[in-house]
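# Secondary and tertiary structure notes
Listed here are the chains, written in short residue letters.
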Amino acid sequence: MFYLVDSKRTLAAAAIITLLLPGLLGASVAGTTPDAASTLPYVKYTVLLGNGTVFNGNYVPKSNLVASQGEAGIAYDNSTGDLYVTNLLQNISVISSSKLSLKKTLHVGGEPFDVIYDSRNGNIYASNLNQKLSIIDGKTLRISGNISTGVFSSRMAINGNADTIYLLNLLNLTYEKINLSKEKLSGNVSIGLYNGTYRHPVPGIAYDPQNNTVFASNFENGTVVVLDATTGKILRNITFPAQVGDLFYESGTDAVYAAVPLVQQVYAINAATYGIEGNMTTGAYPSSISASYAGNYLFVTNELAGTLSVYNLTTFSALETLNLSSGPTGACYVSEKGYLYVVDSGKGTLSAIYVNQAASKPHPPNSFYVFYVIVPVVIAAAVFTAIIYRRKSG
């Protein structure tokens, strides 16, 4: 009888543990881990691109430290940890992301506009407004060559599997394909008409690898043109209430996000169906878009407001607005660092914004583990113990 009584006690203990475990483990009905409950992104450091000085928090210089204008691009080389920042005065700043120090200033000539990293060959490519694509060796930090392009080469997207860069020409709105292996232009498609004026907002371009399509802004008629990435065939024209600026493809939601500065909105386009699924209000003149791939944050720089808008991609709701400087124009999220880097072409600064990746990741609530993992194990152990004791008592 001793073993039988003990087995009943074991079962009773298992039941008590089952009831107490949620409280003991701090079960969260909100579905996030306790350490990640409320931490939102914030500006941790500000770097002056002119001399490499680093300040804690958000710092706004009284005057421009790097004379610049208009658009400034930014890219990250994950093999070296370097950041590349363009300005329109013929220079590209190379910054160590670990030390936030200025490693080198590259003089590329022309007016470097956008910049992109190719992980397959370790090169960095910078579009120029003077009809060329500059090639930078990521290891030696030297200009290794140039590729001829059309007039006013601006924003770019890359398809690493096809060894191809897609870019837009700012004046004649031509979509171009650049073969990186052959280092030459391999095709182009006109998606707009030249009207003799400098285009602002700057048209955007994004590549969707899941559907092998390219989304490009058509400034002339307020549409986004969808093209087959292989053939260049125009598949669809998506209409918006005003001219579309930057475009950003986010793989987690399989959506392309489009900034429409004149109405202060960012729209979500279903990348598979091309339907518009929602929109979010931004600050004055949304200029660039990025996202935290590890979680569900969407980031939008507001050039005229001097702010960064942060949104929850799951709920499509605004989370916060961060004050930056006078003209944030480029953003690059680096998941391995847990930082969003924002370049400000108005004051010549780089903001390092800390992103709590745990906070942005959707977690199943702790009760999931309690009731579907731990409890069954406890009960199974109690039942097994009872069976053994009964056999011994028999």
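Rules and cut-offs
Residues numbered from 1 in each chain as written. Predicted model: local features only at pLDDT ≥ 70, side-chain atom pairs only at ≥ 80, totals over all residues. Heavy atoms only, no water. Helix = DSSP H or I, 4+ residues; strand = E, 2+ residues; numbered from the N terminus. Buried < 20%, exposed > 50% of the residue type's maximum accessible area, 1.4 Å probe, protein only. Contact = heavy atoms within 4.5 Å. Areas by Shrake-Rupley, 256 points an atom, 1.4 Å probe, with all protein chains shown as cover. Pairing = 2+ DSSP bridges. Axes fitted to C-alpha atoms, helices over the stretch in contact; angles between N-to-C directions. Salt bridge = Lys/Arg side-chain N within 4 Å of Asp/Glu carboxyl O.

On to the overall build of the protein chain, then. The number of helices and strands found in the protein chain is three helices and 29 strands. Evaluated residue by residue, the protein chain yields a buried proportion of 54% over its 394 residues. Restricting to contacts in the protein chain with at least 6 residues of sequence separation, those with at least 24 account for 44%. Carbon and sulfur atoms make up 53% of the accessible area of the protein chain, which amounts to about 16,900 Å² in all.

Sheet architecture is open: four strands sit in the order E19-E20-E21-E22, paired in antiparallel fashion. Each having just a single partner strand, strand E19 (247-250) and strand E22 (276-281) make up the two edges of the open sheet. Strand-to-strand twist across the sheet, computed as the mean angle between neighbouring axes with direction ignored, equals 20 degrees. Pairing geometry for strand E20 (residues 255-260) and strand E21 (residues 265-270), over six bridges, is antiparallel. What sits directly across from Ala-255, in E21, is Asn-270.

Let us now look at the pairing of strand E9 (residues 132-137). E9 sits mainly inside the fold: five of its six residues count as buried. As paired elements, strand E8 (residues 123-128) and E9 share six bridges and run antiparallel to each other. What sits directly across from Ser-127, in E9, is Leu-133. Between E8 and E9, which pair antiparallel one after the other, the connecting turn spans three residues, and Gln-131 there sits at a positive phi close to 65 degrees. Bridging between E9 and strand E10 (residues 142-148) involves six bridges; their strand directions are antiparallel. Each residue of the ladder has a partner; that of Ser-134, found in E10, is Asn-146.

Moving on, we get to the environment of Leu-247. The residue Leu-247 is located in strand E19 in this model. When its relative accessible area of 4% is taken as the criterion, Leu-247 is described as buried. Separated by 42 residues in the primary sequence, Leu-247 and Ile-289 have C-alpha atoms spaced 7.0 Å apart.

As a further point, take unusual backbone geometry. The residue Gln-264 is not glycine, and still its phi comes out positive at about 55 degrees. A relative accessible area of 33% places Gln-264 in the partly exposed class.

It is worth spelling out the pairing of strand E26 (residues 317-323) at this point. The pairing of strand E25 (residues 307-312) with E26 spans six bridges and is classified as antiparallel. Residue pairing for E26: Leu-308 is matched across the bridge by Leu-322. Hairpin connection, E25 to E26: the antiparallel pair is bridged by four residues, and Phe-316 has positive phi, about 60 degrees.

The next point concerns the pattern of salt bridges. Applying the stated criterion across every chain yields a total of two salt bridges. Between Lys-103 and Asp-82 there is a salt bridge, with its nearest N and O atoms 3.1 Å apart. A residue pair is termed long-range when its members are at least 10 positions apart, and Lys-103 in strand E6 (residues 101-107) and Asp-82 in strand E4 (residues 82-86) qualify at 21 residues. Overall, Lys-103 belongs to the partly exposed group, its relative accessible area being 45%. Note that Arg-155 is salt-bridged to Asp-246, the shortest N-O span being 3.8 Å. Here Asp-246 lies in the loop between strand E18 (234-239) and E19 and Arg-155 lies in strand E11 (residues 153-159), a separation of 91 residues in the sequence. For the residue pair Arg-155 and Asp-246, the accessibility class agrees, reading buried in each case.

One open sheet accounts for four strands, arranged E15-E16-E17-E18; its pairing is antiparallel. Each edge of the open sheet is held by one strand with a lone partner, namely strand E15 (205-208) and E18. On average, adjacent strands in this sheet sit at an angle of 20 degrees to one another, irrespective of strand direction. The sheet contact formed by E15 and strand E16 (residues 213-218) spans four bridges and is antiparallel. Bridge pairing links Asp-208 to Thr-213 in E16.

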